[in-house]
Amino acid sequence: ASFEGFDSILPCSACGGIVKPAVTFFGDIVPKDRVNRCFEALEAADGLLCVGTSLAVFSAFRFVRRACGDGLPVCVLNRGPTRCDAEDLDVLKINAGTATLADVARSLSATP
């Protein structure tokens, strides 16, 4: 693969700033309105499914804490340890190395 030309990204023509996608990169601050929308979605949810995250950063982990605090079922599908392992939270942890989403659905439907 050639990465030629990636070292000279042009600035935004409108403001001169850095052009980047509308995502939050590791180390960035999640915009408050996005966090609020996530909390609103969580309030309307029947549960929380976290896929492919160690939950090491608080920007994602705060939703797991809130869901657990509100009594919602939480399932974490990930390969390796997560921040939930060190916390006293009632979550269903499934190793992504051996599980499929169908396995997760079966586990969730069997959970009282």
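Shown above is the structure to which this text applies.
Residues numbered from 1 in each chain as written. Predicted model: local features only at pLDDT ≥ 70, side-chain atom pairs only at ≥ 80, totals over all residues. Heavy atoms only, no water.

Caption draft 1: Main features of the environment of Pro-31. Position of Pro-31 relative to the elements: it lies in the segment before helix 1 (32-43). Relative accessible area serves as the criterion here: at 30%, Pro-31 is assigned to the partly exposed category. (Helix = DSSP H or I, 4+ residues; strand = E, 2+ residues; numbered from the N terminus. Buried < 20%, exposed > 50% of the residue type's maximum accessible area, 1.4 Å probe, protein only.)

Caption draft 2: Region of interest: the sheet that holds strand 3 (residues 92-95). With parallel pairing, 3 strands are arranged side by side in an open sheet as 1-2-3. Edge strands, defined here as strands with exactly one partner in the open sheet, are strand 1 (48-51) and strand 3. Looking at each pair of strands side by side, their axes are set apart by 15° on average, direction ignored. Bridge count between strand 1 and strand 2 (residues 74-78): 4 bridges; the pairing is parallel. Within strand 2, the position partnered with Leu-49 by the bridge is Cys-75. Seen against the sheet, helix 2 (residues 58-69) touches strand 1 and strand 2 and runs at an angle of roughly 150° to strand 1. (Pairing = 2+ DSSP bridges. Axes fitted to C-alpha atoms, helices over the stretch in contact; angles between N-to-C directions. Contact = heavy atoms within 4.5 Å.)

Caption draft 3: Representation of the environment of Cys-68 in the model. Looking at the secondary structure, you find Cys-68 in helix 2. Overall, Cys-68 belongs to the buried group, its relative accessible area being 19%. Here the alpha-carbon distance between Cys-68 and Val-35, two residues 33 residues apart in the chain, equals 17 Å. When residues no more than four places from it in sequence are discounted, the contact partners of Cys-68 are Val-74, Leu-89, Asp-90 and Val-91.

Caption draft 4: The pattern of salt bridges, seen in detail. Per the stated rule, a full pass over the model turns up 3 salt bridges. Where Arg-37 meets Asp-33, a salt bridge forms, and the shortest distance between an N and an O atom there is 3.1 Å. With Arg-37 and Asp-33 both in helix 1 and 4 residues apart, this pair spans about one turn of that helix. Taking the relative accessible area as the measure of exposure, Arg-37 reaches 48% and is therefore partly exposed. In this structure, the salt-bridge partner of Asp-85 is Lys-93, at a minimum N-O distance of 3.6 Å. (Salt bridge = Lys/Arg side-chain N within 4 Å of Asp/Glu carboxyl O.)

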